[in-house]
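Descriptive analysis of the structure
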Amino acid sequence: MQIERTKLEGVCIVTPRRFPDSRGFFSESWSRRQMAAQGLDQDWVQDNHSMSHRAGTLRGLHYQSPPHAQAKLVRCGRGVLFDVAVDIRKGSPTYAQWVGVELSYENGRQLYIPAGFLHGFATRAPDTEIIYKCSDYYAPDCDAAIRYDCPQIGIDWGLGDATPALSDKDAAAPMLDGFDSPFTYEARQ
């Protein structure tokens with residue numbers, strides 16, 4: 001399993017090995033032992049799976065606040081998506097900065113996003129499926145979002161001039177200005 005660190009402390013691109021044969025391939029998409037050896041020791045309690053019919057569907061930027069903050073391990077089961085993490089930890093040297101990575105069935109890449117980050121994605125192919133592990137259960141009272149097109153963050157979603165397909169919740173999400181993040185940066189030892 002290859003783990004690539006990103007410019008955002010804690011956010012990693014995880015690429016499991018694939019073992020191809022004439023039938024297809026086999027891959028361990030997650031291994032507690034291999035992840036822990038790389039410093040990513042995470043307990044998972046829930047797997048989520050969503051499908052977006054239309055290319056250009058955008059979901060996010062979402063987070064769950066404490067006490068139900070979530071780390072996520074995101075992968076693409078079918079299609080192609082552009083997955084994004086945004087640092088919203090108060091006092092972080094990378095506050096409001098983002099990283100994005102293309103996840104697809106073909107490349108097998110995953111994005112590990114610790115608690116304290118916004119998460120969102122845009123689909124780049126029809127009928128794209130996203131599958132992700134969560135470190136805490138969904139808690140509606142802790143669920144929140146920041147606008148996907150927030151100028152303080154400046155994400156290039158790769159959609160050109162196309163208007164993304166959004167949920168009502170995501171379309172009405174507030175901007176980052178005036179946001180009082182429930183997360184605080186703690187430097188790793």
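Here, the structure is the one placed above.
A few points on the structure. The model shown is predicted, which means the values in this text are computed figures rather than measured ones.

Here we come to the sheet that holds strand β6 (residues 58–64). Two pairing modes exist for strands in a sheet, parallel and antiparallel, and in both the strands are linked by backbone hydrogen bonds. With respect to topology, 5 strands assemble into an open sheet ordered β10-β8-β12-β6-β14, the strand pairing being antiparallel. Strands with a single pairing partner mark the edges of an open sheet, and in this sheet they are β10 (98–104) and β14 (143–145). On average, each strand axis in the sheet is tilted by 25° relative to the strand beside it, whichever way the strands run. Where β6 lies against β14, 3 bridges are found, and the strand directions are antiparallel.

Per the counting criterion, the structure on display carries 10 salt bridges. Between K133 and D47 there is a salt bridge whose closest N-O contact spans 3.3 Å. Separated by 86 residues along the polypeptide, K133 in strand β13 (residues 128–134) and D47 in strand β5 (residues 46–52) bring together distant segments of the chain. We note a salt bridge from E102 to R124, for which the minimum N-O separation is 3.0 Å. Of this pair, E102 sits in strand β10 while R124 is found in the loop between β12 (117–123) and β13, placing the two residues 22 residues apart along the sequence.

The next thing to look at is the packing of aromatic side chains. The final tally for this structure, using the stated rule, is 6 aromatic pairs. Taking the centre distance of 6.2 Å and the plane angle of 75° together, the rings of W44 and Y112 count as edge-to-face. Remark: Y112 occurs in strand β11 (residues 110–113) and W44 occurs in the loop between α1 (32–37) and β5; sequence separation between them is 68 residues. For the pair shown, W44 and Y112 are each scored as buried. Members of the aromatic cluster, each reached through a chain of ring pairs, are Y63, F179 and F183. Cation over ring: R18 sits above F25, and NZ or CZ is 4.0 Å from the ring centre. Over the aromatic face of Y105 sits the side chain of R18, whose NZ or CZ is 5.5 Å from the ring centroid.

Calculation criteria
- Each chain carries its own residue numbering, running from 1 in the written order of its sequence.
- With pLDDT at 70 or above as the cut-off, local features in this predicted model cover only qualifying residues; side-chain atom pairs require 80 or more to be listed or tallied, and sums for whole chains, interfaces and linings still use all residues.
- Excluding hydrogens and water, the side-chain figures rest on all heavy atoms present in the structure.
- Criterion used throughout: strands pair if DSSP finds at least two bridges between them.
- The way it works is that DSSP assigns letters per residue, a run of H or I at least four long becomes a helix, a run of E at least two long becomes a strand, and they are numbered from the N terminus.
- Orientation is described by lines fitted to C-alpha atoms, with helices fitted over the stretch in contact, and by angles between N-to-C directions that extend from 0 to 180 degrees.
- What makes a salt bridge here is a side-chain nitrogen of Lys or Arg within 4 Å of a carboxyl oxygen of Asp or Glu, nothing more.
- Two aromatic rings, drawn from Phe, Tyr or Trp (for Trp, its six-membered ring), form a pair once their centres lie within 6.5 Å of each other, and the interplanar angle then sorts them: stacked below 30 degrees, edge-to-face above 60, tilted otherwise.
- Burial classes follow relative accessibility: with a 1.4 Å probe on protein chains only, a residue under 20% of its type's maximum area counts as buried, one over 50% as exposed, and anything between as partly exposed.
- In this scheme, the term charge over a ring applies when either NZ of a lysine or CZ of an arginine sits within 6 Å of the ring centre and within 35 degrees of the ring normal.

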